[in-house]
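Descriptive analysis of the structure
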Amino acid sequence: MEKITVPFIYGDGVGPEVVGATLKIVDAALAKAYGGSKQIEWKEVLAGGKSFEQLGTWLPDETMEAFRKYHIGLKGPLTTPVGGGIRSLNVALRQTLDLYVCLRPVRWFRGVATPVLHPERVNMTVFRENTEDIYAGIEWEPGTEEAERFGKFLLGDMGVKKVRFPDTAAYGVKVISKEGTERLVRAACRYALDRGLPSVTLVHKGNIMKFTEGGFKKWGYELAQKEFGDALSSGRLVIKDCICDAFLQNALLKPEDYSVIATPNLNGDYVSDMLAAQVGGIGIAPGANINFDTRDAIFEATHGTAPDIAGKNIVNPCSNLLSAVMLLEFVGWNEAGERITAALEKAFASGRATADLARLMPSGTALSTTDFTDLIISLL
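Here's a quick rundown of the structure. These numbers were taken from a predicted model, which means no experiment stands behind them.

Our focus in this paragraph is the overall build of the protein. The helix and strand tally for the protein stands at 13 helices and 14 strands. Computed over the C-alpha atoms, the radius of gyration of the protein is 22 Å, within 12% of the 21 Å expected from 2.2 N^0.38 for a compact globule of 380 residues. For the protein, the C-alpha atoms occupy an extent of roughly 70 × 55 × 45 Å along the three principal directions. Residues counted as buried form 52% of the 380 residues belonging to the protein. Looking at the protein alone, contacts between residues at least 24 apart form 74% of all its contacts between residues at least 6 apart. Surface exposure of the protein reaches about 17400 Å², of which carbon and sulfur atoms provide 52%.

Its 13 residues place the ends of helix α10 (residues 318-330) 18 Å apart at the C-alpha level, agreeing with the 18 Å of an ideal helix rising 1.5 Å per residue. Of all 13 residues in α10, 12 are buried; the element is thus mostly enclosed. Considered for burial, the residues of α10 that qualify are Cys-318, Ser-319, Asn-320, Leu-321, Leu-322, Ser-323, Ala-324, Val-325, Met-326, Leu-327, Leu-328 and Phe-330. The first or second residue beyond α10 is Gly-332, which carries a positive phi of 85 degrees.

Another aspect to go through is the packing of aromatic side chains. For the structure shown, the criterion picks out 13 aromatic pairs. Note on Phe-247 and Tyr-258: the rings are 4.9 Å apart at their centroids and 75 degrees apart in plane angle, and the pair reads as edge-to-face. Here Tyr-258 lies in the loop between α8 (244-253) and β10 (260-263) and Phe-247 lies in helix α8, a separation of 11 residues in the sequence. Each member of the pair, Phe-247 as well as Tyr-258, is classed as buried. The rings of Trp-140, Phe-150, Phe-153 and Tyr-171 are connected pair by pair, giving a single aromatic cluster. The lysine or arginine in question, Lys-38, covers the ring of Tyr-34, its NZ or CZ lying 5.5 Å from the ring centre. Sitting above the plane of the Phe-109 ring, Arg-107 keeps its charged end 3.9 Å from the centroid.

Where charged atoms from two side chains of opposite charge approach closely, those side chains can pair. The final tally for this structure, using the stated rule, is 17 salt bridges. One salt bridge connects Arg-183 with Asp-98, and the closest N-O pair in it is separated by 2.8 Å. Here Asp-98 lies in the loop between α4 (89-96) and β4 (101-107) and Arg-183 lies in helix α6 (residues 178-194), a separation of 85 residues in the sequence. A salt bridge links Glu-148 to Lys-152; the nearest nitrogen and oxygen atoms lie 3.2 Å apart. Remark: Lys-152 and Glu-148 occur in helix α5 (residues 145-157); sequence separation between them is 4 residues, near one turn of the helix. By relative accessible area, which is 47% here, Glu-148 ends up partly exposed. For Lys-152, a relative accessible area of 56% puts it in the exposed group. The network of salt bridges with shared partners includes Lys-75, Arg-94 and Glu-300.

Bringing the pairing of strand β2 (residues 38-44) into the picture now. Taken together, the 7 bridges between strand β1 (residues 2-9) and β2 define a ladder with parallel strand orientation. The partner of Phe-8 across the bridge, within β2, is Glu-44. In this region the chain leaves β1, passes through helix α1 (residues 15-34) and returns to the parallel neighbour β2; the handedness of that crossover is right-handed.

Counting 75 residues, the largest nonpolar core has Ile-40, Phe-127, Val-200, Phe-299, Ile-340, Leu-344 and Phe-348 as its most contacted members. Here this core gets 10 residues from one element, more than from any other, and that element is α1. Leaving out residues up to four positions away in the same chain, Val-200 has contacts with Ala-188, Cys-189, Ala-192, Leu-237, Val-238, Ile-239, Lys-240, Val-260 and Ala-262. Residues Val-122, Val-203, Phe-247 and Val-271 belong to the second largest nonpolar core, which totals 15 residues.

Moving on: the packing of α1 against helix α11 (residues 334-349). Each pair of packed helices can be described by the angle between their axes along with the distance between the axes. Here α1 crosses α11 at 120 degrees, and the two axes come no closer than 8 Å. When the axes of α1 and α11 are compared, the pair comes out oblique. Read as a crossing pair, α1 and α11 show a hand that is right-handed. Contacts between α1 and α11 involve Ile-25, Val-26, Ala-29, Leu-30, Lys-32, Ala-33 and Tyr-34 from the former and Asn-334, Glu-335, Ala-336, Arg-339 and Ile-340 from the latter. For the contact of α1 with α11, the class distribution of residues is 8 nonpolar, 1 polar and 3 charged.

Following both chains from N to C, one finds α10 and α11 inclined at 150 degrees, their axes separated by 7 Å at the closest point. In this view, α10 runs roughly antiparallel relative to α11, as classed from their interaxial angle. Between α10 and α11 the crossing geometry is left-handed. Along the contact surface, α10 presents Cys-318, Leu-321, Leu-322, Val-325, Leu-328 and Glu-329, while α11 presents Asn-334, Ala-336, Gly-337, Ile-340, Thr-341, Leu-344 and Phe-348. The residue inventory of the contact of α10 with α11, partitioned by class, reads 9 nonpolar, 3 polar and 1 charged.

What counts, and where the lines are drawn
Residues numbered from 1 in each chain as written. Predicted model: local features only at pLDDT ≥ 70, side-chain atom pairs only at ≥ 80, totals over all residues. Heavy atoms only, no water. Helix = DSSP H or I, 4+ residues; strand = E, 2+ residues; numbered from the N terminus. Rg over C-alpha atoms; globule rule 2.2 N^0.38 Å. Buried < 20%, exposed > 50% of the residue type's maximum accessible area, 1.4 Å probe, protein only. Contact = heavy atoms within 4.5 Å. Areas by Shrake-Rupley, 256 points an atom, 1.4 Å probe, with all protein chains shown as cover. Expected span 1.5 Å × (residues − 1). Phe/Tyr/Trp six-rings, centres within 6.5 Å; stacked < 30°, edge-to-face > 60°. Lys NZ or Arg CZ within 6 Å of the ring centre and 35° of its normal. Salt bridge = Lys/Arg side-chain N within 4 Å of Asp/Glu carboxyl O. Pairing = 2+ DSSP bridges. Right-handed = clockwise from strand over helix to strand, strands pointing away. Core = buried A, V, L, I, M, F, W, Y, C linked by side-chain atoms within 4.5 Å. Axes fitted to C-alpha atoms, helices over the stretch in contact; angles between N-to-C directions. Parallel < 35°, antiparallel > 145°, perpendicular 65-115°, else oblique. Left-handed = near helix turned anticlockwise from the far one by under 90°. Nonpolar A, V, L, I, M, F, W, Y, C, P; charged D, E, K, R; others polar.

Shown next, in the form of structure tokens:
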């Protein structure tokens with residue numbers, strides 16, 4: 001028997017419900033696919049509100065140690081502490097473990113209502129850089145000593161003339177490096193080649209931010225030519241670029257032109273959620289944070305904690321569930337993941353889903369979270 005240990009975080013708000021449903025379905029899929037020869041030992045670790053209540057800390061060292069030891073994890077949504085301390089638990093996990101890719105595959109399931117005419121044309125995977133850009137959190141609040149010192153440095157030492165209101169300005173630093181760009185684009189190109197996908201598109205705003213996002217574009221092209229020149233010359237891989245605002249329009253008008261997207265952190269936030277909306281919303285949008293060099297990875301629901309519906313047994317578990325499918329693919333247990341995906345396709349095609357999706361389906365049948373979980377298990 002092959003068994004792996006996967007640390008998991010229930011999370012806050014609806015987290016325990018979506019993670020609980022996911023664990024049940026994944027265990028059932030493994031049993032169906034492998035008859036007990038492959039199993040996951042789920043190991044709960046703490047973070048977020050539950051951790052703060054029990055241990056007085058939002059992100060215990062033991063949790064980080066578990067992810068480092070087992071190199072893989074699953075998590076529900078986490079609340080962001082109000083006030084001082086950790087800016088974002090999700091960002092802290094990504095940066096501490098150097099999970100430099102936020103991987104967001106986007107596809108449509110037949111039967112799911114969407115705001116676009118042809119959601120079936122949307123089939124993209126977003127490689128969002130996860131550790132740099134303005135999400136690095138290098139910024140200073142107006143009126144603080146740090147902001148005043150930084151402002152004086154810009155206006156004095158650097159001769160900057162474009163700060164219109166220095167006395168009330170907040171400052172942030174946008175960091176994009178050659179090394180950070182190269183490892184992201186390398187991972188995107190390998191992903192495309194391994195799966196026979198036609199292109200990698202660098203999405204950037206380099207026409208305005210010439211040395212940061214312009215550097216991203218330049219370094220991305222250089223890396224692709226240097227390390228994947230044979231694939232480019234043979235036509236097995238195409239590398240291209242698109243300015244981010246144009247991409248947001250093109251992704252609506254001609255999504256079939258795009259396959260794998262590589263983009264800096266902030267762009268990736270906008271792009272991945274916009275694409276998710278085209279196929280039915282963030283409730284069925286999976287995600288993973290991965291270091292493709294060390295093979296460390298955490299798979300997570302991409303939505304928030306939704307405290308207004310927590311405990312009501314109505315939340316849609318599919319974002320977390322499809323993230324677990326990505327986890328199964330990551331460890332090579334594809335058959336179990338395929339069974340879950342096929343079960344979801346059957347459920348949605350028949351108009352059966354949780355209320356958020358069912359209310360928009362013609363003749364949709366709204367199921368509770370637990371009933372939907374049982375349905376998916378029955379369809380495996």
